[in-house]
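Descriptive structure summary
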Amino acid sequence: MDRYCVFGNPIAHSKSPDIHAAFAVQTGQQLEYTKRLAPVDGFAAAVQAFIAEGGKGANVTVPFKLEAHKLAGALTIRAQAAGAVNTLLFDEHGITGDNTDGAGLVADILVNAGAAIAGRRVLLLGAGGAARGAVLPLLEQRPRELVIANRTVATADALVRQFAALGGEGVLSACGFGDIAGSFDIVVNATSASLQAELPPIAPSVFHPGTLALDMMYGKEPTVFLTFAASHGAVPRDGLGMLVEQAAEAFLGWRGVRPQTAAILETMRQTL
Ligand code: ATR
């Protein structure tokens, strides 16, 4: 049976085995998908050991996404743009690194939330790894404007320069949280502020009635960002849909078939 796993540290909390097991049942694919705790200083060795055991592919989560990017002998365009890898494919060509996080975000917005990106004003909060992975997939949807706001403006400026020649010209701009102008159709929180129950210091005026406010984080309770957004007329959406969609994109890369996600997302929601 083909073997896959997710590497992380910690890894006990990972929902990926449940998601991929459900995908396998739904698509009639025979595969095994497990969790693997890699030592913080032993990621590459853990990957090589898995390949030696016949592993066909793996997901990669915190804190190994940058190391996975370095380890891969070949990178997809979206992994190059993201500067990070969340999906590895092992075959006769060696180790290929992909990044399905941004595509997962876009699929969740378009399909699950039913919101258009084309022609819309989109605000991306944060300029770290999570935000960087979202930029190219968002630009590919041709928003009217994509504003990246970050606490450290220089990091957001660097993203604007990086993506200028990749569809960002005339669309992408950067600013600090206090300088965000106007309201947006979609606001994505890609900062890690929610982890500390903190709120990026944005004005309520970034939201208008019906703005889709999406936090990449998820949990049993809404994040402070989602509570704030909802209290100012936005439609809140957590990161669980993005999690399931990035998994579906990885499954597609490994198995050549994209699972239906709606029922699985509903099941995952009930088990939070
Ligand atoms: P990740 O991989 O989750 O993106 P990261 O690369 O460390 O993690 O990036 C964290 C992001 O969250 C950054 O944009 C960071 O802002 P800075 O670039 O100014 O550090 C942002 N961030 C973290 N804590 C924050 C907070 N309390 N308020 C606002 N932004 C925060």
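Residues numbered from 1 in each chain as written. Predicted model: local features only at pLDDT ≥ 70, side-chain atom pairs only at ≥ 80, totals over all residues. Heavy atoms only, no water.

**Quick look at the environment of Glu245**
- Topologically, Glu245 is positioned in helix 9 (residues 240–255).
- The exposure class assigned to Glu245 is buried, which follows from its relative accessible area of 2%.
- On a C-alpha basis, the gap between Glu245 and Val111 in space is 9.9 Å, while along the polypeptide they are 134 residues apart.
- Here Glu245 is in contact with Gly104, Ala107, Asp108, Asn112, Arg258 and Thr261, once residues within four sequence places are set aside. (Helix = DSSP H or I, 4+ residues; strand = E, 2+ residues; numbered from the N terminus. Buried < 20%, exposed > 50% of the residue type's maximum accessible area, 1.4 Å probe, protein only. Contact = heavy atoms within 4.5 Å.)

**With respect to the nonpolar core**
- In this structure, Leu105, Ile109, Leu124, Val135 and Leu146 are the most contacted members of the largest nonpolar core, which totals 30 residues.
- Looking at this core, the element that brings in the most residues is helix 6 (residues 129–140), giving 6 residues.
- Setting aside residues no more than four positions away along its own chain, Leu146 makes contact with Val122, Leu124, Val135, Leu138, Leu139, Val171, Leu172 and Ser173.
- If you look at the next biggest cluster of nonpolar residues, it comprises 19 residues, including Ala24, Trp254, Ile264 and Leu265. (Core = buried A, V, L, I, M, F, W, Y, C linked by side-chain atoms within 4.5 Å.)

**Some words on unusual backbone geometry**
- Following Asn9, the chain continues to Pro10 via a peptide bond in cis, the omega torsion being 5°.
- With respect to the helices and strands, the residue Pro10 is situated in the loop between strand 1 (2–8) and helix 1 (16–27).
- A cis amide bond links Val62 with the next residue in sequence, Pro63, at an omega value of 5°.
- Mapped onto the elements of the fold, Pro63 is located in the loop between strand 3 (55–60) and helix 3 (65–71).
- For Arg142, which is not glycine, the phi torsion reads 60° and is therefore positive.
- With respect to the helices, strands and loops of the structure, Arg142 is situated in the loop between helix 6 and strand 8 (145–149).
- Of the residues examined, Arg142 reaches a relative accessible area of 65% and is grouped as exposed.
- Even without being a glycine, Ala197 presents a positive backbone phi close to 55°.
- Relative to the helices and strands, Ala197 is located in the loop between strand 10 (184–189) and strand 11 (207–215).

**As for the domain arrangement of the protein chain**
- Assigned domains within the protein chain: domain 1 (2–99 + 242–270) and domain 2 (108–238).
- Each of domain 1 and domain 2 was reduced to a C-alpha centroid, and the two centroids are 25 Å apart.
- Listed as interface residues are 13 residues of domain 1 and, on the opposing side, 11 residues of domain 2.
- Interface of domain 1 and domain 2: buried area, both sides summed, is about 970 Å²; carbon and sulfur atoms make up 58% of it.
- It is Ala81, Ala82 and Met242 that lose the most area in domain 1 upon contact with domain 2, and together they represent 45% of the buried surface on that side.
- The tally of links from domain 1 across to domain 2 stands at 1 salt bridge. (Domains from an automatic or database assignment. Buried area = accessible area lost by both parts, 1.4 Å probe. Salt bridge = Lys/Arg side-chain N within 4 Å of Asp/Glu carboxyl O.)

**Some words on the UniProt feature "active site" (unreviewed entry) in the protein chain**
- Here, the residues flagged by UniProt with the feature "active site" (unreviewed entry) are Lys65.
- The topology assignment puts Lys65 in helix 3.
- Classification of Lys65 as partly exposed rests on a relative accessible area of 26%.
- Apart from residues lying up to four places away in sequence, Lys65 is in contact with Val60, Ala84, Val85, Asn86 and Asp101. (UniProt positions renumbered as here; feature names shortened; annotations may be inferred.)

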